[in-house]
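Read off the chains here:
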Amino acid sequence: MERYLVILGDFVALSFCFGLAFWVQFHSGWIADKFDPSKIFADYYHMGLVLNIGWLVLFCCAGLYRSWLLQSRTHQILRVIRAVVLGIIIIILCLFGVEFLGKVLSNEPLSGGYIYGSRFPWIFIYGGFALSMVVCVRMFIYQCLRGLLRLGYGANNILVLGATEAGKKIAEALAKTPERGQRVVGFVDERYQVMEHQFAGVPVLGKYSDLPELIKSKKIAGIIIAHDSNSPQEIMRVLVWICECPIHIYLVPELYDVIHGQFKANLVYGFELQELLPFTMPPWQVRIKRIIDICFGAFLGICSLPVCMLAAIAIKLDDRGPVFYSQERIGLYGKPFFVYKFRTMRTDAEKFGAQWATKNDPRITRIGRFLRKTRIDELPQILCVLKGDMSMVGPRPERAVFIGKLREQIPFYISRLKMKPGLTGWAQVCHHYDTSTEDVKIKLQYDMYYYENMSLLLDFQILVRTVYVVLTGKGAQ
């Protein structure tokens, strides 16, 4: 609801500014060469509609339509200022174009239409009005929404891990300030069996192993880890249960950690908290990444059709078995989906159960070895990219049977599920196919590097390196 209200508020504010700009230009007489009382707004409303849609698209790309309700108002206003300034620059370029820039760069005098007719300054005045109106309407909307939070409507459910003094302070502070929009619905503590079922007036709901079920049943939006000692081992025990859940995970940092720079604490819910495994890619880049996935995937799919047809014919001639095979893989936040590939192994390759490919694996067919070396076997996964189950760039999608084993053997392995799997990825271009648990550990380091540094530029680098891998056969097995 918050997002739709803000979009509607922005549209109303920008529409008012366009109407005001129309009156100033044609009816106020303040711009002499544009004064024309015969002009009517009905002839220009469609221009305002296009302009408003342009503003909304720009705001969307600038990340102004993510949830700002519980974030800093100052930060939001600065984001709006940046977006409006960029929008005004775009308007100037569209209105005055190459002629204006040419005169400025060559130091030629500007015509009266720019300065003497006062057209140019009025664009900045319009930008000022747009900024003021958008900010005022947004602040009014958020003030109303915070009022609803004070009445108990729309709050996020929070679990506190650790029935400790720190956890008690957090629960009491959130209960006293409902406008923060966070409601502590319970504590989770490993001492659940020997504790009372209430702590600080809030129920103790269970142990770490109960977390997945509690997150679903209580519709949990975030977890705050508030143990007396946040040792890596203790945090690891928690993450094993909740890493694949689509929630925010926060930690109350210890003074030692903050001083030594191990944690950069942020003000979250009014407390100094450190978010573990935060998603760092800006919202506008996430949207562009999806657009690139669709456009590049469609382009690659069309261009690769001849290669795919030749691959299908070669597979049939090789052993007359099926051309494709599908297999269930685990995607974003543990969502299962089916992945499609060209078959590169014998039809009885897994008659003894699921297993990793090995170097010179005898199960791989003759044509399959070539398809793997050139990565042509991965091309049918473009369908998964277009459907949205995968991205062009991301970690390799893994099978549930392997995830179940690896999450117990490798710390933080399950954190890969916070990323949408990819057709190619940093780990895929830097390391060969998995042949053992040690390979998985190495590739996990590459995957976590990608997660922490995710950006469109890094995606571009990975795509370029993928071309090199395909052409050289480097890393294939």
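In case you missed it, the structure is sitting above this.
Everything numeric here is computed off the predicted structure, so don't read it as measured data.

This paragraph deals with the overall build of the chain. The secondary structure content of the chain amounts to 16 helices and 12 strands. Taking contacts inside the chain between residues at least 6 apart in sequence as the whole, the part at least 24 apart equals 68%. About 25100 Å² of surface is accessible on the chain, with carbon and sulfur atoms providing 64% of the total.

This brings us to the pairing of strand β4 (residues 202-206). Relative to β4, strand β2 (residues 182-188) runs parallel, the two being bridged by two bridges. From the neighbouring strand, F187 faces β4, where its bridge partner is V204. Two elements, strand β3 (residues 198-199) and β4, share two bridges in a ladder whose sense is antiparallel. Pairing of F199 across the sheet is with V202, part of β4. Counted along the chain from β3 to the antiparallel partner β4, the turn is two residues long, and its residue A200 has a positive phi close to 55 degrees.

Right, let's talk about a nonpolar patch on the surface for a bit. A contiguous nonpolar surface patch, about 550 Å² in accessible area, is contributed by M1, L5, L148, L151 and Y153. Within the secondary structure layout, Y153 lies in the loop between α4 (119-150) and β1 (156-161).

Time to look at the packing of aromatic side chains. The full count for this structure, using the stated rule, is four aromatic pairs. Ring geometry for W55 versus F59: centroids 5.8 Å apart, planes at 50 degrees, classification tilted. Of the two residues, W55 and F59 are both situated in helix α2 (residues 45-61); the distance of four residues between them amounts to about one turn of the helix. For W55, a relative accessible area of 3% corresponds to the buried category. Assessed through its relative accessible area of 0%, F59 is described here as buried.

For the rest of this paragraph, the subject is the pattern of salt bridges. Taken as a whole and assessed by the stated rule, the structure comprises nine salt bridges. Where D459 meets K289, a salt bridge forms, and the shortest distance between an N and an O atom there is 2.6 Å. One end of the pair, D459, is in helix α16 (residues 456-472); the other, K289, is in helix α9 (residues 283-303), and 170 residues separate them in sequence. Neither D459 nor K289 differs from the other in exposure class; each is buried. In this structure, the salt-bridge partner of E398 is R396, at a minimum N-O distance of 3.1 Å. A residue is classified by how much of its surface remains accessible, and E398, at 3% relative accessible area, is buried. The exposure class assigned to R396 is partly exposed, which follows from its relative accessible area of 23%. Three or more residues are tied together by salt bridges with common partners; here these are K341, D377 and E378.

How each quantity is defined
Residues numbered from 1 in each chain as written. Predicted model: local features only at pLDDT ≥ 70, side-chain atom pairs only at ≥ 80, totals over all residues. Heavy atoms only, no water. Helix = DSSP H or I, 4+ residues; strand = E, 2+ residues; numbered from the N terminus. Contact = heavy atoms within 4.5 Å. Areas by Shrake-Rupley, 256 points an atom, 1.4 Å probe, with all protein chains shown as cover. Pairing = 2+ DSSP bridges. Patch = residues over 30% accessible without salt bridge, like charges linked within 9 Å, V, L, I, M, F, W, Y side chains within 5 Å. Salt bridge = Lys/Arg side-chain N within 4 Å of Asp/Glu carboxyl O. Phe/Tyr/Trp six-rings, centres within 6.5 Å; stacked < 30°, edge-to-face > 60°. Buried < 20%, exposed > 50% of the residue type's maximum accessible area, 1.4 Å probe, protein only.

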